[in-house]
Structures are given as structure tokens and as C-alpha cells.
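# Survey of secondary and tertiary structure
In case you want the letters, here they are:
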Amino acid sequence: MGAIFFEMLKLLAIDLVFVGILVALLVPLASYRKAAYAVLKRNFVGYFSNPTGYVFLCLFVLLTSLAAFWPHEFFVANLANLDQLNKWLPWIMLIFIPAITMSIWADERRQGTDELLLTLPAGDFDIVIGKYLAAAAIFTVSLIFSQLANYSVLVSLTYDQQSATIDIDTGLFFTTYFGYWLIGLAMLAIGMVASFLTSNLTVSFILGLALNSILVFTHYADTVIPASATARQVSRWSFASQFDDFGRGVVSFSAIAFFLLIASLGVYLSVVMIGRRHWSGGRDGQSLWWHYLLRAVALVVVLIGANMILERYDYLRFDTTKGQVSSLSPDTRALLNKLASESDKERELRAKLAKLDAKSDEYASTQRQIDELEARRTRPVTIDAFISANVPEEYIKTRYNLVSMLKELRRQAGSRIQINIHDNLEPFSETAAQAEERYGITKQRILSRARGSLKEEEFILGAAITSGRETVVIPFFGAGMPVEYELIRSIATVGRGERKRLGVVQTDAQLNGGFSMAGMQPRQIPKQLILQELEKQYRIEDVDATNPIEAGKYDVLLVVQPSSLGPPQLSNLVEAVKRGQPTAIFEDPFPRVMAHVPGTAQPKQAQGGMFGMGGQAEPKGDMRPLWNALGIEVTGDTGNPAETPAVIVWQDYNPYPKFQLNSIGPELVFLRNDAPGTKNAFNPTEPVTAGFEELFFPFPTGMTQKSGSQLDFTELVSTSSTVAGEISVDVWQQNSFDPYLLASKMGQPTGHKYILAAWVRADKDAGDEQAADENAKDNAAAGETGEGEAATTVAAGINAIYVGDIDLLDSQFVELRNLPNPEFDFRFDNVPFVLNVIDAVAGDERFLRIRTRKPRHSTLRLVEDRAAAARKRESEAAEKFRAQFEREEQKAKAEELKAVNKFQAIVTNLQQKQQAGEQVDPAQFQAMVQQVALVTEREKRKAEVQVEELRIKRDQALAASQRERDQQVRQVQNDAKLWATTIPVIPPLLVGLIVWVRRRMREREGVSRSRMK
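Residues numbered from 1 in each chain as written. Predicted model: local features only at pLDDT ≥ 70, side-chain atom pairs only at ≥ 80, totals over all residues. Heavy atoms only, no water.

## Digging into the overall build of the chain
Keep this limit in mind: Numbered from the N terminus, helices here are DSSP runs of H or I no shorter than four residues, and strands are runs of E no shorter than two. Burial classes follow relative accessibility: with a 1.4 Å probe on protein chains only, a residue under 20% of its type's maximum area counts as buried, one over 50% as exposed, and anything between as partly exposed. Two residues form a contact once any of their heavy atoms are found within 4.5 Å.
Scanning the chain for helices and strands turns up 35 helices and 25 strands. Expressed as a percentage of the 1013 residues in the chain, the buried residues total 48%. Sequence separation of at least 24 residues holds for 77% of the intrachain contacts in the chain that already meet a minimum separation of 6.

## Considering the pattern of salt bridges
Threshold: Note on definitions: salt bridges are taken to be side-chain nitrogens of Lys or Arg within 4 Å of carboxyl oxygens of Asp or Glu.
One pass over the structure, following the stated rule, counts 34 salt bridges. Between Arg861 and Asp160 there is a salt bridge whose closest N-O contact spans 3.1 Å. Taken together, the residues span a long stretch of sequence, with Arg861 in helix α33 (residues 861–915) and Asp160 in strand β1 (residues 159–160) at a distance of 701 residues. For Arg861, a relative accessible area of 27% translates into the label partly exposed. Residue Asp160 is classed as buried on the basis of its relative accessible area, which comes to 11%. The shortest N-O distance in the salt bridge between Asp637 and Arg624 comes to 3.0 Å. Of this pair, Asp637 sits in the loop between β17 (632–634) and β18 (647–651) while Arg624 sits in helix α24 (residues 624–630), and the two are 13 residues apart along the sequence. The same class applies to Asp637 as to Arg624, namely buried. Ionic contacts of the salt-bridge type, sharing partners, join the residues Asp244, Asp245, Arg248, Arg317, Lys407, Glu408 and Arg411 into one network.

## As for the packing of aromatic side chains
Rules: Ring geometry is summarised as follows: Phe, Tyr and Trp rings, the Trp one being its six-membered ring, pair when their centres sit within 6.5 Å, and such pairs are stacked at plane angles under 30 degrees, edge-to-face over 60 and tilted between the two. Whether a charge sits over a ring comes down to the Lys NZ or Arg CZ being within 6 Å of the ring centre and within 35 degrees of the ring normal.
Inspection of the entire model under this criterion finds 39 aromatic pairs. With a centroid separation of 5.3 Å and an interplanar angle of 80°, the aromatic rings of Phe258 and Phe259 are classed as edge-to-face. Both residues of the pair, Phe258 and Phe259, belong to the buried class. Across from the ring centre of Phe699, 5.5 Å away, lies the NZ or CZ of Arg592, which sits over that ring. Positioned above the aromatic ring of Trp759 is the side chain of Arg761, whose terminal nitrogen or guanidinium carbon lies 3.7 Å from the ring centre.

## Concerning a nonpolar patch on the surface
Worth spelling out the cut-off: The patches described consist of residues with a relative accessible area above 30% and no salt bridge, like charges being joined within 9 Å and nonpolar side chains (Val, Leu, Ile, Met, Phe, Trp, Tyr) within 5 Å. Calculation of accessible area relied on Shrake-Rupley with a 1.4 Å probe; when residues are assessed, cover is drawn exclusively from the protein chains displayed.
A contiguous nonpolar patch, built from Trp289, Trp290, Leu293, Val297 and Val301 and spanning about 570 Å² of accessible area, is present on the exposed surface. Tracing the backbone shows Val297 in helix α15 (residues 289–312).

## Brief notes about the packing of helix α3 (residues 51–69) against helix α5 (residues 83–101)
Definition in use: Helix axes use the C-alpha atoms of the stretch in contact, all axes being lines fitted to C-alpha atoms, and the angles between their N-to-C directions lie in the range 0 to 180 degrees. Angles below 35 degrees are treated as roughly parallel, those above 145 as roughly antiparallel, those between 65 and 115 as roughly perpendicular, and all remaining angles as oblique. Here is the rule for handedness: rotate from the far helix to the near one, and if that takes an anticlockwise turn smaller than a right angle the crossing is left-handed, while a clockwise turn gives right-handed. Residues are grouped as follows: Ala, Val, Leu, Ile, Met, Phe, Trp, Tyr, Cys and Pro are nonpolar; Asp, Glu, Lys and Arg are charged; all remaining types, including Gly, are polar.
Where α3 meets α5, the closest approach of the two axes is 8 Å, and the angle between their N-to-C directions is 165°. When the interaxial angle is binned, α3 and α5 end up roughly antiparallel. Regarding α3 and α5, the two cross each other, and that crossing is right-handed. Side by side, α3 and α5 meet where Phe56, Phe60, Leu63, Thr64, Ala67 and Ala68 of the first sit next to Gln84, Leu85, Trp88, Leu89, Ile92, Phe96 and Ala99 of the second. When the residues that make up the contact of α3 with α5 are grouped by side-chain class, the tally is 11 nonpolar, two polar and no charged.

## Observations regarding the confidence of the model for the chain
Segments scoring low in pLDDT should not have their predicted coordinates read at a detailed level. Put simply, the rule is: pLDDT measures how confident the predictor is about each residue, on a scale from 0 to 100.
When pLDDT is averaged along the chain, the result is 82, and 88% of the positions lie at 70 or above. Element-level mean pLDDT values for the chain span from 37 in helix α29 (residues 787–793) up to 97 in strand β16 (residues 583–586). This model gives residues 608–614 a pLDDT under 50, and the stretch forms 11 contacts once residues within four places in sequence are excluded. Throughout residues 764–795 the model reports pLDDT below 50, and contacts reaching past four residues in sequence, or to other chains, amount to 23 contacts.

## As for the pairing of strand β9 (residues 461–467)
So the rule is basically this: Strand pairing is assigned whenever DSSP detects at least two bridges linking the two strands.
Across the seven residues that make up β9, a large majority, seven, are buried. On β9, burial covers both faces: Leu461, Ala463, Ile465 and Ser467 on one face and Gly462, Ala464 and Thr466 on the other are all buried. Looking at chain direction, strand β5 (residues 381–388) and β9 are connected through six bridges and run antiparallel. Considered in β9, the bridge of Phe386 is made with Gly462. One ladder, built from five bridges, connects β9 with strand β10 (residues 470–474); its direction is antiparallel. In the sheet register, Ala464 faces β10, and the bridge partner there is Val473. Count of turn residues in the β9/β10 antiparallel hairpin: two residues, of which Gly468 carries a positive phi of about 65°.

## Thoughts on the side chain of Ser564
Convention followed: Throughout this description, a polar contact denotes any pair of N or O atoms lying within 3.5 Å of each other; where both atoms belong to protein, one of them has to be capable of donating a hydrogen while the other can accept it, and for residues adjacent in sequence the pair is counted only when both atoms sit in side chains.
Mapping Ser564 onto the fold places it in the loop between β15 (556–560) and α23 (567–578). On the basis of relative accessible area, Ser564 is assigned to the buried category, the value being 2%. Engagement of the side chain of Ser564 in a polar contact is seen with the backbone oxygen of Gln561, the distance being 2.8 Å. With residues near it in sequence (within four places) discarded, Ser564 still touches Thr507, Asp508, Pro598, Lys604 and Lys620.

Printed below as a string of C-alpha cells:
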């Protein structure tokens, strides 16, 4: 409760600062505009001294709470924000704002007090601004009551009982209400104009509603305007569209200016209307209606132009959310700024052009290349996002992030990027069909949980990024995909029209798919999904290492399990690495997920013959020249050239308590910074690994720098130093059938950490000197072989990352990232790690930090905890019912067997007598055999009936348990709804009651008791 009290105090402090600023702004008004201040005070006090004002206040607070928390979508989204209220607030204010403004001037006319006000020693502006500020103060007080009420509900729902903390984004909440306040200021000014037009309160209310509804209904322009582009332009001028930034926690100067300009226009028109007694007859009997109409129209034009300019150059934006979830990262903004700048290649060509003869053919060719690059650089990028109206609750955060990032890109990229958001799509709509036909963005069918139960849902969540002929399609934004990275990577790829070349060396890993005979079972190997991710950024080519790898042809090589290469292929790979070919190497002593690949020390599968039988396995190359070239020593290497090391690194740490099975051992290495004895599992100084949260390495191996190596060896990923150890592949295979025996064979942790991934580069200080005399060293070592050759030719700009596992490239990890797993909630960063490794070696650092950015949204922790507890109870009950069913089933079968055995024993006894030569009545024997058959059939049917009855009871019990779970989840939601509708109205009711009692006491002061009877 202390945390809740502290959060409420924090919001109160923010409110006091905000109100204090507003009061400070009113001080000059009280000093220099005393008449305006007097009007403000009179109207404000008059409103809250009347119980009717508190009725409207309670109604406003109640409606905002209902709109915020009663829609089912609030609990489906599981986000601690006011998205549902954002949808309904303009409609609520269409009722509440005219109720405030209808009496601003119409009531003065009705009561005849307008003449009194006009005779005050004050100008028309003083009266109007006093009236307007009074209405604004009334609305501000109402909004504060609503804010405190809704904040108290959200604070309660985000309270984490286990950690006694509150996960609420106060910045987002306050900014959202600040946006509400700005909408109110604009609507009050418009409503005040309506009040100056009539003396009838009802007519004033209707006019205020009608005038304000124009800027409310324009948000739905697409329902009446068929052209989507025109509809988007019209909807930009709606209150909802301009408020959108505030609803996402972003304070935008252009949006503030929009609302303030609307308010200024309303105040000006009110001043004109109140002053018409001076100009309606005009001077010398001539009316000035046209004069003031033109002035008003001119002001409207100026305000529209000013708003368009401010919106186009909306650079003053501030993200108030916790974790900056509603803004682009600095790296993304930098990439956007560089999008239209000259590339290095274009600058090189221009420098070359300046040295060429203008009449030469090479000059014309170079100029054409420059023109082509410039055309690519200047052509616009178009993003078409296709988003369903409803998505499963597991994808709501992804949808939120996608829409938010697209809106930020639209704001900050300007005309360079055109963004079309086709949201609120239905799967059967024409736009959805076009998305499938043009871009292959198809409907997804996902089994998700809705209202506590599982159901299949169909939805669309994809985007296509195009520029000229370049296109990158993201057919589906998975639940774990980094949305910002996917968008900016695609924009940068199509915007430049340039892709680096990635060469995938053909090995037994068969990343592009193929056929395998592993385990003597023929099976088709599908293309690994990691290549589909890489194809969005690289031009991928298969590389056959049978021939020497051409220098400079590829920006980066990807080699998965190089130990499966034959001697010639491996030798060519080593030579390419020595020449400085950027290479990402993944080598595994014991592949388990990609089980079709032979481990480092395992022989290749035999090929040929029927079903792979009868053939002879191809020889494997020697990995030591590659290790020597890289200057590394893998775990378990004894230095004996005749032995190939095959040692598994294990770590006794599992961050998923539910993921505890006998078959799940410490060989599945979970890498986190919070693991025991871990300081930095991921090197924080290298962008390739900085910012990662968790990696999963199944059955990896480690490495260290070889003694005497002059290469720059940078560790990237490492295990704990206290709970890690090692075991040979042979020992593991021999004892894997018995988990307890295997645990004893593993032994105790070795007491030191294991490096699972490292970056090997030429020494930064000595690299230039070594590269300069590379040829001399090569010539001197021309007749030498083995390690000596490797030692002399290694240091000429070598650039490779070596990873001691290949399983993390398997498609399962891409699927785990894209598809949610509410049971375990895995947070593996395997996919971005692989992409970062390849990018880093290729020298492309644009996306390294963006990939690791994970927006953190405040969620309804209380609801999550209650729902999790209910599901746990349901799971325990289900397990209990299943165990009881199995016991009863075994009991029924035992009774069946007992009854049959009784008669079977008699038959057996008669058979034994016959065999012993005793005389047995054949009729009796036949009768007993028939009796056994009858009893067997009868008991079998009886047991089947009992088992079926037990099965029905079990299923009924499980269904009842599931219903109870769903009811408990709904009860939590209903309690929150009840809290949201009862508690918020209590504070304004108490204040209203106090005011009413005080007013009654003042009315009775000085009145004799006899008159009060």
C-alpha cells in the first residue's frame, strides 16, 4: 500500500506544479486586468457554489471512468494506458463542454445582467477572456478529479504483489491528460462562440455541440469520402488526429499550437460577437459585417497556414513515456537523416569524375553511375501497412508499436517517406485482398487466448516498403519482432537500392534446404528461416568452396559447421580467411536442434546406395589450420593433432522454473547477466552484443585465445564463472539415458567462465605494419606448411567472428520470436544476435543497437497475477483429476483381471489334471471354458463402462475447473470495473455535499429559530 500511496503523491505533486504554473500565469491578469479577473472569479465561484455544478462534475468523472475501463478491449490489451478513453473522450466532451459554455453569455442575456457587465470599466476583451478563463478553470478542476480517479484505478491494477512495486507510466498518463486539457481549451472557445450567438440556453447547448462536432467528425472522413488520400488530409484537422501524439505520450509543439490556435480563433470571434453593438450599425449608418467577416476569414486562413507549417516542421517533440517507447531511437533518426545524403560510393565516383576527360567514354559511364545513384537517393519511399481492426491479445503490443513507429516516421521523415496506414481492416475487405495480391501479405490464423479460453483468430499485420523497383515485404510482424528495426532496415535497404553481398558456404548444415540421411532416415531439410531474414538486407549467394573463393567478391561469408567440409573446401576457406575475407563462423561439437549436421569430431554421413546405404562417407577436412589462422583454442583441445576436440560446455542455470524436465539439463545454456557468477554475459563495449537480454545456446563449446597469437581477440558472449563446466560428447552420449548418472559424470563447475563467441581481428596497432609486409612473409614461408605457415600469414587484416554453436540458427528460434508462448514467455535474442554477428563482420553497424531495443509497456500486473494464479490452480486441479482417473482406471482393470483369473484358475487346474492323467469330465471342462469366456466378456464390458463413466466425470471436472478459472479471471475484471465506477464519483460528491451544507448554514445565519420551523 505504501507504493500506491507514493504513486498518488507523485501525481499530486505533478498536478500541483502544473496548477501552480497556471496560477502564476494568472497573476498578471489579477494585477493589470482586474475586470477580467473579477469576471473569472465570479463565474468560477458561482459554478462550484451550486450543487448542479457537482452533478455535472460527477457525471463527467463517471463517464470518463466507464469509457476507460469498461470496454472489454481494455483487459484484452493488458496495457496500463487510456487508449479506450482516447476513443470516447471527444464524444464525452461534446456533451460536457457545451454544458459549461451554454451559460457563459446566453444566461447573462436571459437574466439581463449582460448590460451590467458591458457597463463595467473594462473592454470587451476583458469580459471575454474572463469568461473563457473561468470556463477553462472549471474544466481543469473537472479534469483533475477525473485524472486522480482514473490514476488510482490504474495504480491498483498495475500493483505487483510479489515485488510490491507499481508498473505504471506516469509520463504517458499525465501527457494524455494534458492532451485532454488542450482539446478542452479548443472546444471551450468554440462553445463560447455559440453562447454569444443566442440568449436561449438550450439553443446555446445545441449550437456548441454542433460547432464542436465538426472537428470531431472529421476524424471519420474516410466513411464519407471515397478517396483515401483526401480522407486522410481531412482527418488531419480533427481533434482526435491532433491529439494522437499526446495519447502515445509524446508532447508535440505542432499539436499544442493547433489547439491553442483554435482557442485563439474562438476567443477572437467571441470578442467580435460581444462588440457587435459597436459595429453592427457601422459608422454613418454603414454596417461593418463584411469587414469583420473578412477579418475572421483572413484569421482562419492564417491559422491554417501556420498550423500546416508547424506540422511540416514538427521538430520540437518530447517523449515522456517510460523507456521512450513512443519515439524513434537516435540511431533510427540518424539513418533517416542520412537517407538522402550521398553514399561513399557516390562520393568516390564524383571524385573520379573530376579527374576524367569530359569527352572520354569512361567519363560518360561514370556520370551514368552517378545519375543512377542520385536517382535512387532522391526517389521517395512508400510504406503500406496493413493492420486488422482486431488482433489477438498476444499481438496487441506489436500492433501498438507498429502504429506508433509509423506515426513517428511520418512526423520526422517528411516528404522523403510516404506512409499509408490501412488500419481497422477486416480480413474479407478489398484492401486485405489487394495486400495479398500485390505483396503476398496474407491473413494469419493464430490459436490465441481470449477471455481465458483458446480460440483461432484470423488477422492481418504486415507491411510493404517500396522505392522504385526495390521492395521489401514484411508479411507478418511477429509478437517478438523488433518493429522499429524491421521498418528502418527495410527503409534503408530500398531507399539506397544497395545491398551487400552475403556468401553462404555450402556445408552439411544445408541452410538453403536439401536432403539428409542422418540416423539412416531419409528426410527433406527445409530452408532455414534465418536466411529469409537476411534476404531482407543482403543479396545472398551460395558459395561452393571446391574452388578458391574470389577475393573481394563477397562483403561477408557465412560458414555454418565448416568441419563438415572436405579437405580442399576447408583449405580454400582458410585461405580466404587469411586474406582478410570477413567471415561469420558457426561451429558446433554436438548439434542437437540441427541434428542432421555431424559434430566437429563426428564423421560425415555415408552417401549413395539405396536410402543412403552402401556408399562411403566423404573425408572431412582438418579444422586445426582454421583455428590456428584465427589464433583460437577450442575447449577440450589437448594439442594432439590426431584428436579432434569435442567437448560440451554446460551451465547450471535455468531462468524458467516451468521449463524443468528430466530431459532438460545444464547442457542447454541460458545466458543472462543475472545468472549466478555472471558479470557481463554479453560484452557491453561491443555494439554487436551490447543491450542483449538473453541468449540460448544448446550444447555449445567454448574457446580461448591461443598462446602467442598476435590477433585482437574480443570475447562477445561468455558463461558464468561459478556454475559452468564441461563434458565430452562421448561421455554425454554414453550416459544420457540416465539423468542421475549423467549428472555425476558432469562433475562440479570448473570455476572459470567459458567464451562461447569471439571476434578475431588483426591487431589494431600492428595491423597496418603487418599488412605492409604480408607479401614478404608469404614469400619467406613459401616452402613451409602447418602452423608455421598459419602464424606468418594470419595477421594481414583477418576479420572473423567464431561462435561455438550452430543450433541457434535453426528456424525454431525465428518461430519462437514470431509466435508468442504464454506458457514460458521465452525472451531469446538468438535471431538478432545472428544478424548482428553478420552485420558486424560485414562492417555494417547501422542496425546493431536498434535490434536490441525492446519497448517496455506498463501492464496490468494485478490482473496478470490473478489470472496466472487461477490458471495455476486450474492446472493443479486438472493434474489431480487426471491422476485420479488413472488410479480408478487401473483399479477397474485390476478387478476385471481378478474376476477372470478366478475362473481361469479352475480351467488351468482341470488342464493340469488332464495332463497328469486324471479323468476330467469333458462337459465340465467345456462349461468352465465357456464360463471363462462369458466372465471375461462381462467383466470387460463392466470395466469399459466404469472407465467411460470415469472419463465423463474427469472431463466434467476438467470443464468445471476451466469454468472456475475463467470466472476467476472475469471476477478480477469485474472488480476493477466496479472500482472504476464507484470510487471516482465519491470525491466530487463529498466536495459537493460539503459545499451544499456550508451554503445551507450560511443561508440560515441570522435567521430566528421560529422562522426556520
